[in-house]
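# Topology and contacts: notes
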Amino acid sequence: MTYSRTATRLGIENRPGTEAMTNMERLVRELLQPLRELYGKPIRISSGYRSVALNRTVGGAANSQHLKGEAADCTVKEAAELLEVLKNSGLVFDQAILYRKRNFLHLSLKKEGNRNWIVDNG
Ligand SMILES: [Zn+2]
């Protein structure tokens, strides 16, 4: 959830604080792991937590949920299929953004006020 090839390559610090750690633990426990069990196939986290410096470097939105440890990009064989599993799971989430061309699903979960929003970003 914290490893970043870009951060490693460029020597960018990417260490989450206490609050981001708590958020990541919630994200994994309540969304990612249950989804992984339903999906039954490997899920690779291509981007989890991002420090401000890393987020800026990768061109993330200034208010990105990756900064808070609330989001993870899930790279799988077929991202649209993972979204279907999520839709049928009844699991609570904040945002699910499908990137069809790059074949990953951005998933987020908040402490409270989750929206269950699905966006198809093509
Ligand atoms: Zn993302």
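Up top is the structure these notes are about.
The notes below deal with the structure included here.

## Re unusual backbone geometry
Look at N103: it is not a glycine, yet its phi comes out positive at around 55 degrees. Residue placement: N103 occurs in the loop between β3 (95-99) and β4 (104-108). Of note, N116 is a non-glycine position whose phi angle comes to about 50 degrees, a positive value. With respect to the element layout, N116 can be found in the loop between β4 and β5 (117-120). On the basis of relative accessible area, N116 is assigned to the partly exposed category, the value being 38%.

## Focus on the pairing of β3
When you tally the buried positions in β3, you get 4 out of 5 residues, the bulk of the element. Of the strand pairs in this sheet, β3 and β5 are connected by 4 bridges, and their pairing is parallel. Bridging from a neighbouring strand, L98 pairs with D120 of β5. Adjacent in sequence and paired antiparallel, β3 and β4 are bridged by 4 residues, among which N103 carries a positive phi angle near 55 degrees.

## Considering the coordination of the zinc ion
For the zinc ion, the full set of protein donor atoms is H66 (NE2), D73 (OD) and H106 (ND1), at a range of 2.0 to 2.1 Å. Counting residues between consecutive donors of the zinc ion along the chain gives the motif H-x6-D-x32-H. With H66 in the loop between α3 (52-57) and β2 (71-75) and H106 in strand β4, this residue pair connects regions lying 40 residues apart in the sequence. The pair H66 / H106 is uniform in exposure class, with both members buried.

## Here's the deal with the sheet that holds strand β1 (residues 44-47)
Overall, mixed pairing links the 5 strands, which are arranged β1-β2-β4-β3-β5 in an open sheet. Among the strands making up the open sheet, the edge pair consists of β1 and β5. When strand polarity is set aside, the average angle formed by the axes of neighbouring strands in this sheet is 25 degrees. Along the sheet, helix α2 (residues 18-39) makes contact with β1, β2 and β4, crossing β4 at roughly 150 degrees.

Thresholds applied
Residues numbered from 1 in each chain as written. Predicted model: local features only at pLDDT ≥ 70, side-chain atom pairs only at ≥ 80, totals over all residues. Heavy atoms only, no water. Helix = DSSP H or I, 4+ residues; strand = E, 2+ residues; numbered from the N terminus. Buried < 20%, exposed > 50% of the residue type's maximum accessible area, 1.4 Å probe, protein only. Pairing = 2+ DSSP bridges. Donors = N, O, S within 2.8 Å, 3.2 Å for Na, K, Ca; no water. Axes fitted to C-alpha atoms, helices over the stretch in contact; angles between N-to-C directions. Contact = heavy atoms within 4.5 Å.

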